[in-house]
Amino acid sequence: MKFLTEYRDSDIVQGILAEINRIAVNEWVLMEICGGQTHSIMRYGLDQLLPKNIQLVHGPGCPVCVTSLELVDKALAIASLPEVIFASYGDMLRVPGSNGDLFSVKASGGDVRVVYSPLDAVKIAQENPNKKVVFFAIGFETTAPANAMSIIQAKMMGINNFYLLVSHMRVPPAMHTILSSAHNRVQGFLAAGHVCTVMGYWEYLPIAEQYQVPIVVTGFEPIDILNGILMTVDQLEKGRVAVENGYSRVVSLEGNIQAQQVINQVFSECDRKWRGIGNIPKSGWCLNPNYLDFDAEIIFDVEQIQPEESPVCIAGKILQGLNKPTDCPAFGAECTPVNPLGATMVSSEGACAAYFRYTEVS
Amino acid sequence: MMTENSQDIPGLVCPIPLAHDDKIVLGHGSGGKMSQDLIEKTFFPPLDNPILRAANDAGIAVIDLPQKNGEKVTCRLAVSTDSHVVNPLFFPGGDIGRLAICGTVNDIAMMGAQPSYLTASFILEEGLNIEILQNVLESMKDSAAESAIQIIAGDTKVVEKGKADSLYINTAGVGILPPGVNIHGANSQPGDIVILSGTIGDHGIAVLEARGDLGFKSSITSDIAPLNGIVQDILKITDQIHTMRDPTRGGLATSLNEVAKQSQVCIEIYETKIPINPAVLSACEMLGFDPLYIANEGKFLLIVPEVFVEPILQKMKSHRYGQDAVIIGRVRANPKGRVLMRTSIGTTRVVDILSGELLPRIC
Amino acid sequence: MCLGIPGKIVDIYNKDGLQMGKVDFGGVTREACLEYVPEANLGDYALVHVGFVLNLISEKEAQETMQLLREIADVDSELNPE
């Protein structure tokens with residue numbers, strides 16, 4: 001596949017790695033906040049390749065896993081209603097709420113459907129006028145333009161049985177939270193390439209400046225990720241601080257203006273709870289006043305749902321790179337992949353689940 | 001709340017599925033860890049016996065046939081059963097009828113037995129077009145002829161509208177196991193070579209496309225095929241085959257993990273050697289699937305001592321259903337029970353068993 | 001948030017009020033919304049996420065980056081396979 005497979009060339013991978021080994025003299029802690037990048041790192045074993053003095057910490061970048069327990073429980077409650085067809089991206093079906101997941105709702109008779117695109121959910125609404133179709137609009141900035149367009153299309157076509165359950169997260173506030181922590185260890189960031197495809201990277205300039213931390217926009221294939229690491233380490237070794245673009249084939253400084261305009265038309269910033277971390281102010285997007293007719297949280301009576309995060313779980317500290325999974329008293333005991341307490345064990349790409357698996361093998 | 005420190009960690013998915021213990025969910029039918037857990041925890045306790053526990057593609061029944069002179073002749077029969085619930089009933093490259101015949105034929109063939117007789121029972125949904133049923137039966141007739149088997153017993157039931165997805169078929173089959181053949185999931189040895197008969201992922205992606213929910217189009221066709229012929233050809237070269245498996249639900253990764261666990265060995269495979277149709281790879285990239293977990297219905301794994309590899313490969317490549325046969329890995333002693341993959345960039349990673357339902361991801 | 005795959009735009013049309021296109025991912029095609037890339041033309045390569053084109057892919061930038069990476073990696077230049 002063009003623009004994909006050539007970025008997996010093992011000769012170039014080895015070559016960039018050699019360069020990283022050459023220039024990386026000091027110890028550095030880097031973080032990526034992107035589930036897709038974490039997945040790629042795991043899938044290709046990229047962290048095995050890095051020199052020992054470069055530590056890669058996986059940040060809270062998987063929207064599926066950091067969607068708050070509260071919203072997952074609301075989703076389960078709404079999906080259980082007989083008049084509802086609940087449409088969702090595939091990977092949300094597995095996320096555990098306080099009591100089961102969307103699969104268990106389906107097993108109990110709920111009409112839960114997987115869609116690839118939010119426009120497919122609009123189509124379901126069109127084809128089922130007697131049902132209320134609720135779409136679980138999760139994601140970071142990458143997915144917001146798609147989720148926003150579904151509402152715009154529904155409004156344009158006069159479809160009045162389509163609703164969104166919104167759980168959008170924004171990356172910059174999460175970075176602020178991580179970097180402003182007194183115990184922060186992260187010294188360089190790999191910015192999420194597809195978030196930046198939409199938003200550009202202008203938002204990261206003040207962050208780099210304020211915290212004096214290099215930020216490199218990074219892609220997803222092995223060569224892209226290693227290149228992002230190389231560019232970050234190069235800045236760190238030279239004592240430079242800048243926001244650089246390592247994914248220029250799709251990312252520009254200003255991003256996709258059209259998409260940002262539509263996002264602003266449909267959404268505005270609001271506070272958002274992150275599973276395993278807690279509330280991060282202004283880190284979410286919620287529907288604008290003129291789209292509240294589509295807001296499933298308002299239309300369906302789910303205000304009373306208030307689940308509690310496990311008091312034992314230290315996922316928040318792990319997600320910020322402050323602790324290792326083995327520091328947690330629940331790790332491997334009450335908290336295992338089969339019975340996860342927090343985000344980092346919920347996802348098999350999460351630090352805790354990865355540690356659980358790899359400590360077994362070695 | 002469960003506190004077990006599970007030895008088997010679900011595959012690279014985001015996020016890890018709950019262990020559903022009180023109700024059946026779709027993940028229980030996916031062929032991966034959840035299916036295995038269901039069998040271990042719910043099915044084995046009341047039905048347990050050593051033959052079932054061997055957990056191969058077919059059960060081996062040992063029958064002592066008394067002779068007139070008072071002596072006994074021992075005969076081994078491979079017995080298997082399979083139910084088919086595919087939706088839609090017809091898809092590019094096959095249909096539920098062909099699947100029903102080949103599924104059971106292949107389970108028996110994977111033991112090294114030659115399937116001879118099958119049964120077929122049908123659950124028909126009220127309202128099903130008889131013409132559809134006739135088309136399915138025609139397909140079964142053709143597949144039976146190709147496999148050289150006969151259907152010698154059958155049953156039909158009709159259920160009310162809404163109680164069956166048009167049509168469910170169960171087939172059961174028997175085949176005689178020749179003396180000296182001991183093909184078993186627990187037989188793989190360090191030093192053995194792993195051969196794969198052809199491209200992976202074709203069936204699963206073809207059916208997904210035919211379902212239409214994910215909206216993609218391609219020319220991918222299912223690979224449903226009876227494998228007893230090619231297996232018999234291989235057995236003429238040697239009967240010292242250690243393990244054979246056809247990686248159906250759960251895919252190549254799941255089958256390899258099962259064997260690694262049963263044989264208590266490590267299986268190492270090489271990513272660059274695994275044959276995949278480029279269109280299947282594109283579909284997987286687009287949806288976020290790993291082709292290692294996608295169902296195949298006309299492919300098999302062969303684990304054999306190195307000395308037999310060349311003649312077997314040659315024989316397979318000259319057969320219609322083995323043209324893309326290739327060595328994909330080898331068996332090592334350690335770490336026991338693990339499947340490792342050498343990636344295209346030279347790193348090594350763990351390949352786990354499929355956890356729950358295979359779902360497209362956005363993450 | 002991140003599963004974005006490159007594909008080639010092989011058809012452009014309007015459907016239900018939105019600019020849509022057919023994208024070829026190398027043997028597999030799927031419909032994708034082109035509302036965010038009004039400048040898209042047939043034959044352009046696009047990054048697709050959940051059925052939406054987020055941006056077009058710049059061949060020029062890709063080639064420049066790849067050239068640079070090859071130099072860093074000390075790998076001889078070769079033609080990009082299609």
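Criteria and thresholds
- Residues numbered from 1 in each chain as written.
- Chains lettered and ligands numbered in written order.
- Predicted model: local features only at pLDDT ≥ 70, side-chain atom pairs only at ≥ 80, totals over all residues.
- Helix = DSSP H or I, 4+ residues; strand = E, 2+ residues; numbered from the N terminus.
- Buried ≥ 20, exposed ≤ 12 C-beta atoms within 10 Å, placed from the backbone.
- Contact = placed C-beta atoms within 7 Å.
- Rg over C-alpha atoms; globule rule 2.2 N^0.38 Å.
- Axes fitted to C-alpha atoms, helices over the stretch in contact; angles between N-to-C directions.
- Parallel < 35°, antiparallel > 145°, perpendicular 65-115°, else oblique.
- Left-handed = near helix turned anticlockwise from the far one by under 90°.
- Nonpolar A, V, L, I, M, F, W, Y, C, P; charged D, E, K, R; others polar.
- Expected span 1.5 Å × (residues − 1).
- Core = buried A, V, L, I, M, F, W, Y, C linked by C-beta atoms within 7 Å.
- Pairing = 2+ DSSP bridges.
- Arc of directions from axis to C-beta.
- pLDDT = per-residue confidence, 0-100.
- Right-handed = clockwise from strand over helix to strand, strands pointing away.

Draft legend 1. Up close: the overall build of chain A. The helix and strand tally for chain A stands at 17 helices and 11 strands. Burial status across chain A gives 60% buried among its 362 residues. Nonlocal contacts in chain A, meaning residues at least 24 apart in sequence, comprise 77% of its contacts between residues at least 6 apart.

Draft legend 2. Looking closely at the overall build of chain C. Broken down by element type, chain C carries one helix and five strands. Along chain C, helices (α) and strands (β) appear in the sequence β-β-β-β-β-α when read from the amino end. The C-alpha radius of gyration computed for chain C amounts to 15 Å, which surpasses the reference 12 Å derived for 82 residues by more than 25%, pointing to a less compact arrangement than a globule. The principal-axis extent of the C-alpha atoms belonging to chain C is close to 50 × 25 × 20 Å.

Draft legend 3. Structural view of the packing of helix α7 (residues 118-127) of chain A against helix α8 (residues 144-156) of chain A. All names here are of chain A. Relative to each other, α7 and α8 sit at 25°, their axes nearing to 8 Å. Judged by the angle between their axes, α7 and α8 are roughly parallel. Both α7 and α8 take part in a crossing whose hand is right-handed. Residues Pro118, Leu119, Ala121, Val122 and Ala125 of α7 pack against Ala146, Asn147, Ser150, Gln153 and Ala154 of α8. Looking at side-chain class alone, the contact of α7 with α8 contains seven nonpolar, three polar and no charged residues.

Draft legend 4. Looking closely at α8(A). Residue and element names in this part refer to chain A. The first and last C-alpha atoms of α8 sit 18 Å apart over 13 residues, in line with the 18 Å expected at 1.5 Å per residue. When you tally the buried positions in α8, you get 10 out of 13 residues, the bulk of the element. What α8 keeps buried is the set Ala144, Pro145, Ala146, Asn147, Ala148, Met149, Ser150, Ile151, Gln153 and Ala154.

Draft legend 5. Here's a closer look at the nonpolar core. Residues Ile16(A), Leu164(A), Ala191(A), Leu226(A), Ala283(B), Phe52(C) and Val53(C) are the most contacted members of the largest nonpolar core, which totals 227 residues. By size, the runner-up hydrophobic cluster in this structure holds five residues, among which are Ile314(A), Cys328(A), Ala330(A) and Cys335(A).

Draft legend 6. Highlighting the sheet that holds strand β8 (residues 215-218) of chain A. All names here are of chain A. Taken in spatial order, the five strands of this open sheet run β2-β1-β7-β8-β9, and their pairing is parallel. Both outer strands of the open sheet, β2 (54-58) and β9 (243-245), are each paired with one neighbouring strand and no more. Neighbour-to-neighbour, the strand axes of the sheet open up by a mean angle of 25°, direction not taken into account. Here five bridges tie strand β1 (residues 28-32) to β2, and the two strands are oriented parallel to one another.

Draft legend 7. Quick look at the interface of chain A and chain C. Facing 43 residues of chain A, the contacting portion of chain C comprises 38 residues. Residues of the side of chain A that touches chain C, tallied by class, amount to 23 nonpolar, 15 polar and five charged.

Draft legend 8. View of the sheet that holds strand β15 (residues 348-350) of chain B. All names here are of chain B. Taken in spatial order, the seven strands of this open sheet run β10-β12-β8-β13-β11-β14-β15, and their pairing is mixed. Bordering the open sheet on either side are β10 (243-245) and β15, each of which pairs with just one other strand. Direction aside, neighbouring strands of the sheet carry axes that sit 25° apart on average. In this sheet, strand β14 (residues 339-342) lies alongside strand β11 (residues 266-270) in parallel orientation, the contact comprising four bridges.

Draft legend 9. Just unusual backbone geometry, in detail. Geometrically, the link from Asn87(B) to Pro88(B) is a cis peptide bond, its omega value of 5° lying close to zero. As for its placement among the helices and strands, Pro88(B) is situated in the loop between β2 (72-84) and β3 (90-91). Note that the residue after Asn334(B), namely Pro335(B), is joined by a cis bond; omega there is -5°. With respect to the secondary-structure elements, Pro335(B) resides in the loop between β13 (326-332) and β14. Although it is not a glycine, Ala55(B) sits at a positive phi angle of roughly 50°. When you line up the elements, Ala55(B) lands in the loop between α2 (50-53) and β1 (59-66). Located in the positive-phi region is Val50(C), a residue other than glycine, with phi close to 40°. Here Val50(C) is to be found in the loop between β4 (45-49) and β5 (52-56). On the basis of neighbour counts, which here come to 26 C-beta atoms within 10 Å, the residue Val50(C) falls in the buried class.

Draft legend 10. Fine view of the environment of Glu141(A). All names here are of chain A. Locating Glu141 in the fold gives a position in the loop between β5 (132-139) and α8. Linking Glu141 and Pro325, residues 184 residues apart in sequence, is a C-alpha distance of 28 Å. Residues within four places of Glu141 in sequence aside, it is in contact with Arg170, Val171, Val195, Val198 and Met199.

Draft legend 11. Spatial organisation of the environment of Cys2(C). Tracing the backbone shows Cys2(C) in the segment before β1 (5-15). Note: C-alpha distance between Cys2(C) and Leu18(C) (16 residues apart in sequence) is 23 Å. Not counting chain neighbours up to four residues away, the residues in contact with Cys2(C) comprise Cys34(A), Gly35(A), Gly36(A), Gln37(A), Thr142(A), Ala192(A), His194(A), Phe220(A) and Cys363(B).

Draft legend 12. Spotlight on helix α4 (residues 130-147) of chain B. All names here are of chain B. The end-to-end C-alpha distance of α4 is 25 Å, a good match for the 26 Å that 18 residues give at a rise of 1.5 Å each. Val136, Ser139, Met140, Ser143, Ala144 and Ser147 are the residues of α4 that are buried. Angularly, the buried residues of α4 cover 140° about the axis, an arc narrow enough to put them on a single face. Structural note: α4 exposes Ile130, Glu131, Gln134, Glu138 and Ala145 on the side pointing more than 90 degrees away from its buried face.

Draft legend 13. Looking closely at the pairing of β14(B). All names here are of chain B. Side chains of β14 alternate between two faces, with Val339 and Met341 buried and Leu340 and Arg342 left unburied. Where β14 meets β15, three bridges bridge the pair, whose relative direction is antiparallel. In the sheet register, Leu340 faces β15, and the bridge partner there is Val350. Counting the residues in the hairpin turn of β14 and β15 gives five residues, including Gly346, whose phi is positive at 95°.

Draft legend 14. Quick look at the environment of Lys8(C). All names here are of chain C. Mapped onto the fold, Lys8 is located in strand β1. For Lys8, a count of 19 C-beta atoms within 10 Å translates into the label partly exposed. For the pair Lys8 and Glu61, spaced 53 residues apart in the sequence, the C-alpha separation amounts to 17 Å. Those residues in contact with Lys8 that lie beyond four places of it in its chain are Val23, Asp24, Gly43 and Tyr45.

Draft legend 15. Local environment of the confidence of the model for chain C. Of the residues in chain C, 90% reach a pLDDT of 70 or more, and the chain-wide mean stands at 91. Overall fold confidence for the complex sits at a pTM of 0.91, while the interface term, ipTM, reaches 0.91.

Draft legend 16. The pairing of strand β6 (residues 150-159) of chain B, seen in detail. Here β6(B) lies mainly on the outside; zero of its 10 residues are buried. This β-α-β element, strand β5 (residues 114-125) of chain B to α4(B) to β6(B), shows right-handed connectivity.

Draft legend 17. Main features of the packing of helix α6 (residues 228-237) of chain B against helix α9 (residues 309-317) of chain B. Residues and elements named next belong to chain B. Orientation of α6 relative to α9, taken along the N-to-C sense of each, is 150°, at an axis distance of 10 Å. Of the possible angle classes, the one that applies to α6 and α9 is roughly antiparallel. Crossing handedness for the pair α6 and α9: right-handed. Where α6 abuts α9, its residues Ile230, Asp233, Ile234 and Ile237 lie against Pro311, Ile312, Lys315 and Met316. Grouping the amino acids of the contact of α6 with α9 by side-chain chemistry returns six nonpolar, no polar and two charged.

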